[in-house]
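# Fold and geometry: a report
Here is what each chain is made of, one letter per residue.
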Amino acid sequence: MGLDLSAGKSLVIPLLGAPGVKLSKTTLRENLTNERIQLKTLELLIEKFKPDGIFPFMDLTVEAEALGLEVDFADNDNPSIRNHCIKTIENLKSIRRRYKGISGRMPIFLNIVENLAKNFSLIVGAYVIGPFTLVGELMGLENLCLNLMMKPASVYKFLDFVTRVIKDYAYALLTAGADIVIILEPSAVILSPRHFEEFSGKYISHLVSDLGTKLMLRICGNSNHILKQMSRTGIMGLSVDSPVNLKETSNIVSEDVILMGNLDPIKVFLQSNPEEIAKATRILLEEMKGIRNFILSSGCDLPINTPLENIEAFMFEARKPLQ
Amino acid sequence: MVNFQEISEAVVAGNAKKMKDLVEQALKEGMSPKDILDKALIPGMAIVGEKFKIGEYFIPEVLVAARAMNAGVKLIEPFLSQVEKGYAGKVVIGTVLGDIHDIGKNLVAIMLRGAGFQVIDLGLNVPPEKFVEKAKSESADIVAMSALLTTTMLAMKDTIYAIKKAGIKNKVKIMIGGAPVTQKYADEIEADGYAPDAATAVLKAKELLNIR
């Protein structure tokens with residue numbers, strides 16, 4: 001099913017995933033490492049909340065793991081890279097030599113996307129990591145920051161390579177049936193607008209020109225200072241976090257750019273009650289009334305402990321007609 | 001003759017090599033190490049903090065500045081007595097449980113060391129009991145916690161609870177910081193201090209320990 005925003009009604013696609021472990025009585029680790037279990041959880045989420053679209057579980061370690069880095073899993077916490085050990089050009093050459101395309105847990109996510117696209121008539125999304133964030137996973141973010149200030153040429157080499165890796169994976173996800181691929185580039189939030197363009201935006205533009213129009217870009221946290229630069233990458237849409245004012249963003253970016261967001265995943269989804277979440281949803285919908293290309297969503301991936309009744313209240317309110 | 005401003009400018013420019021040359025030269029010329037610290041390095045980093053606050057500098061610029069400052073601190077450190085270092089106090093610092101982001105925490109640690117604090121860095125993903133254990137065994141004056149994520153920020157509350165439960169809340173001051181953290185949150189969870197950036201963290205630490 002394609003992404004169609006022409007009906008005049010906002011699509012509702014919260015970034016579900018982790019809270020679904022309660023429905024399937026599984027752990028986060030099981031969902032991230034077992035295709036069958038994750039599919040079951042996603043099916044239960046679709047059945048319970050009936051969103052307009054679904055994304056697989058968010059996992060920022062998939063690409064680095066596919067490049068040979070070790071990942072630490074916890075039962076119910078996000079996985080992380082054990083050692084950010086690809087620090088030198090020699091290390092880079094070595095992983096580049098060994099790189100053989102789709103590997104590690106990528107096939108799990110590809111099969112999930114393929115399955116969802118085949119069996120459900122809703123928008124199927126997928127995630128890939130962003131180039132700057134992936135280089136940060138390889139060499140450590142602090143190291144990356146120092147290198148981009150002092151040895152930018154070496155950083156370009158890393159970025160060139162990881163962009164190829166991301167492109168291969170994103171291409172495979174699109175081929176498997178993804179309607180949208182969101183590029184997750186959280187680490188780029190620490191960059192100045194100039195550095196964002198130089199060390200992230202430029203490479204995202206390459207992905208857009210190579211892969212076409214189904215790519216969106218997501219940066220967590222306060223990305224207000226780089227919104228213009230993010231939209232200039234040629235990306236189809238932006239998914240932004242709660243510190244960003246979506247209404248104001250709609251004035252900054254071209255009206256063709258889809259805006260996705262952005263109810264606070266912690267204060268609203270995790271910590272409030274159904275009445276409060278309904279109110280927050282209503283306020284956001286009122287604010288965004290009349291704005292084309294708006295997808296109502298959470299500001300970020302929902303925390304694992306998000307009360308299911310809060311997600312229900314969000315969906316219920318989102319489906320009510322606007323006054 | 002090297003002057004304080006040149007050294008400060010090397011911090012602001014993040015030029016570690018120039019810093020090394022200038023501080024070596026300044027020491028040769030008889031400049032007091034304590035003055036280099038108080039009148040050049042720390043004010044330089046305060047300018048960096050200000051630039052960060054107003055959105056002129058971002059994390060990469062602050063990191064190279066901190067690295068340059070560190071290069072200067074290393075050169076003068078052997079010449080500073082404990083008294084001259086103004087031994088300010090002992091800080092146990094770490095990124096809270098569930099959070100693996102340590103840039104902000106590392107910056108604060110560098111700045112605190114530069115300002116004469118003894119810093120025990122517990123690293124990242126630090127469970128509440130580890131903070132408590134180290135605060136006790138080191139007789140720390142301050143426990144400083146950092147978090148980058150709104151989800152992991154909640155572990156600060158758990159850590160403060162553990163500190164209270166261990167009966168040492170009145171013996172240590174608790175400082176928190178990190179992108180999602182606010183003064184309001186600090187008040188809510190009964191932290192003694194909050195700082196929005198690394199330079200302010202030093203001022204806050206001094207304020208908490210009544211150091212001028």
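Each chain carries its own residue numbering, running from 1 in the direction its sequence is written. Note on labels: chains are lettered from A, ligands numbered from 1, in written order. Two thresholds apply to this predicted model, a pLDDT of at least 70 for residue-level local features and 80 or more for giving and counting side-chain atom pairs, whereas whole-chain, interface and lining totals are computed over all residues.

### Considerations on the overall build of chain B
Inclusion rule: Under the DSSP-based scheme used, a helix requires at least four consecutive residues in state H or I and a strand at least two consecutive residues in state E, with every element numbered from the N terminus. Just to be clear, the radius of gyration here is over C-alpha atoms, and the globule rule we use is 2.2 Å times residues to the power 0.38. Burial is judged by counting other C-beta atoms within 10 Å of a residue's own C-beta: 20 or more means buried, 12 or fewer means exposed, and anything between counts as partly exposed, with every C-beta placed from the backbone.
Within chain B, the secondary structure is distributed over nine helices and five strands. Counting from the amino terminus, helix and strand elements in chain B follow one another as α-α-α-α-β-α-β-α-β-α-β-α-β-α. Over its C-alpha atoms chain B spans a radius of gyration of 17 Å, differing by no more than 12% from the 17 Å that the globule rule assigns to 212 residues. Taken over 212 residues, chain B has a buried fraction of 53%.

### A short note on the overall build of chain A
How we decide: Contact between residues is assigned whenever the C-beta positions, reconstructed from backbone atoms, fall within 7 Å.
The helix and strand inventory of chain A stands at 15 helices and 10 strands. For a compact globule of 323 residues, the expected C-alpha radius of gyration is about 20 Å, and chain A comes in at 19 Å, within 12% of that figure. When the backbone C-alpha atoms are referred to their principal axes, chain A occupies close to 60 × 40 × 35 Å. For chain A, the proportion of its 323 residues judged to be buried stands at 51%. Taking all contacts inside chain A whose residues are at least 6 apart in sequence as the whole, residues at least 24 apart take part in 72%.

### A short note on the nonpolar core
Stated formally: A set of buried Ala, Val, Leu, Ile, Met, Phe, Trp, Tyr and Cys residues, joined to one another through C-beta atoms within 7 Å, is what we call a nonpolar core. Throughout, the edges of the domains are those of an automatic or database domain assignment.
Among the nonpolar cores identified, the biggest contains 185 residues, and A:Leu173, B:Met111 and B:Val143 are the most heavily contacted of them. Looking at which element gives the most residues to this core, the answer is helix α9 (residues 152–176) of chain A, with 12 residues. Split by domain, the residues of this core number at least three in each of domain 1 (4–79) and domain 2 (89–208) of chain B. In this structure, A:Leu173 is in contact with A:Leu110, A:Val113, A:Ala126, A:Val128, A:Ala178 and A:Val181, ignoring residues within four places of it in sequence.

### Brief notes about the sheet that holds strand β3 (residues 142–146) of chain B
All names here are of chain B. Note the following rule: The criterion for strand pairing is that DSSP finds at least two bridges linking the strands in question. For helices, the axis comes from a line fit to the C-alpha atoms of the stretch in contact; other axes are also lines fit to C-alpha atoms, and the angle between any two N-to-C directions lies between 0 and 180 degrees.
Strand order across the open sheet formed by five strands is β2-β1-β3-β4-β5, with parallel pairing between neighbours. The open sheet is flanked by β2 (117–121) and β5 (193–194), the only strands paired with a single partner. Each of β1 (89–95), β2 and β3 touches helix α6 (residues 128–137); the most contacted strand, β1, lies at about 165 degrees to it.

### A few points about the interface of chain B and chain A
Applicable threshold: As a working rule, the residues Ala, Val, Leu, Ile, Met, Phe, Trp, Tyr, Cys and Pro are called nonpolar, Asp, Glu, Lys and Arg charged, and the rest polar, with Gly in that last group.
Contact with chain B, which involves 15 residues of that partner, is made by 17 residues of chain A. Only α4 (59–76) and α5 (103–114) of chain B provide two or more residues apiece to the side of chain B that touches chain A. No other element matches the five residues that α4(B) contributes to the side of chain B that touches chain A. Taken together, the residues of the side of chain B that touches chain A break down into eight nonpolar, six polar and one charged.

### Side note on the sheet that holds strand β8 (residues 237–240) of chain A
Residue and element names in this part refer to chain A. Strand order in the open sheet formed by eight strands is β1-β10-β9-β8-β7-β6-β5-β2, with parallel pairing between adjacent strands. A single partner strand is all that each edge strand has here, and the edge strands are β1 (11–12) and β2 (53–54). Looking at chain direction, strand β7 (residues 215–219) and β8 are connected through four bridges and run parallel. In the sheet register, Ile219 faces β8, and the bridge partner there is Val240.

### A short note on the domain arrangement of chain B
Residue and element names in this part refer to chain B. Here chain B is partitioned into domain 1 (4–79) and domain 2 (89–208). With centres defined by C-alpha atoms, the gap from domain 1 to domain 2 works out at 25 Å. Contacts between the two partners involve 15 residues from domain 1 and, on the opposite side, 11 residues from domain 2. For the side of domain 1 that touches domain 2, the elements supplying multiple residues, two or more each, are α3 (33–53) and α4. The element contributing the most residues to the side of domain 1 that touches domain 2 is α3, with eight residues. For the side of domain 1 that touches domain 2, the class distribution of residues is 12 nonpolar, two polar and one charged.

### Description of the confidence of the model for chain B
Inclusion rule: How sure the predictor is of each residue is captured by pLDDT, a score from 0 to 100.
Considering every residue of chain B, the mean pLDDT works out to 91; 97% of them sit at 70 or more. Predicted complex metrics record ipTM = 0.90 and pTM = 0.91.

### Points about α4(B)
What counts is decided by this rule: By this rule, a helix spans an expected 1.5 Å times one less than how many residues it contains.
When the terminal C-alpha atoms of α4(B) are compared, their 26 Å separation across 18 residues agrees well with the 26 Å that a helix rising 1.5 Å per residue should span. Considered for burial, the residues of α4(B) that qualify are B:Pro60, B:Glu61, B:Val62, B:Leu63, B:Val64, B:Ala65, B:Ala66, B:Ala68, B:Met69, B:Gly72, B:Val73 and B:Ile76. Looking at the buried side of α4(B), the elements it contacts are α8 (141–150) and α10 (193–211) of chain A together with α1 (4–13), α2 (16–28), α3 and α5 of chain B.

### Some details on the environment of A:Asp75
Residues and elements named next belong to chain A. Tracing the backbone shows Asp75 in the loop between β3 (71–74) and β4 (77–81). On the neighbour-count criterion, Asp75 (10 C-beta atoms within 10 Å) is exposed. Taking C-alpha positions, Asp75 is 5.0 Å from Arg29, a pair spaced 46 residues apart along the chain. Apart from the residues lying within four places of it in its own chain, the contact partners of Asp75 are Thr27, Leu28 and Arg29.

### A few points about unusual backbone geometry
Residues A:Gly261 and A:Asn262 are joined by a peptide bond in cis, for which omega reads -20 degrees. The phi torsion at B:Asn125 lies on the positive side, around 55 degrees, for a residue other than glycine.

### A look at the pairing of β1(B)
Residue and element names in this part refer to chain B. As a reminder, the rule being used: By convention, a crossover is right-handed whenever its connection, traced from the first strand over the helix to the second and viewed with the strands pointing away, goes clockwise.
Within β1, six of the seven residues are buried, which leaves the element mostly enclosed by the surrounding structure. Pairing of β1 with β2, which is carried by five bridges, proceeds in the parallel orientation. Note on β2: the bridge partner recorded for Val92 is Ile120. For the crossover from β1 across α5 to β2, the handedness is right-handed. Note that β1 and β3 share five bridges and pair parallel. Bridging across to β3, Thr95 finds its partner in Ser146.

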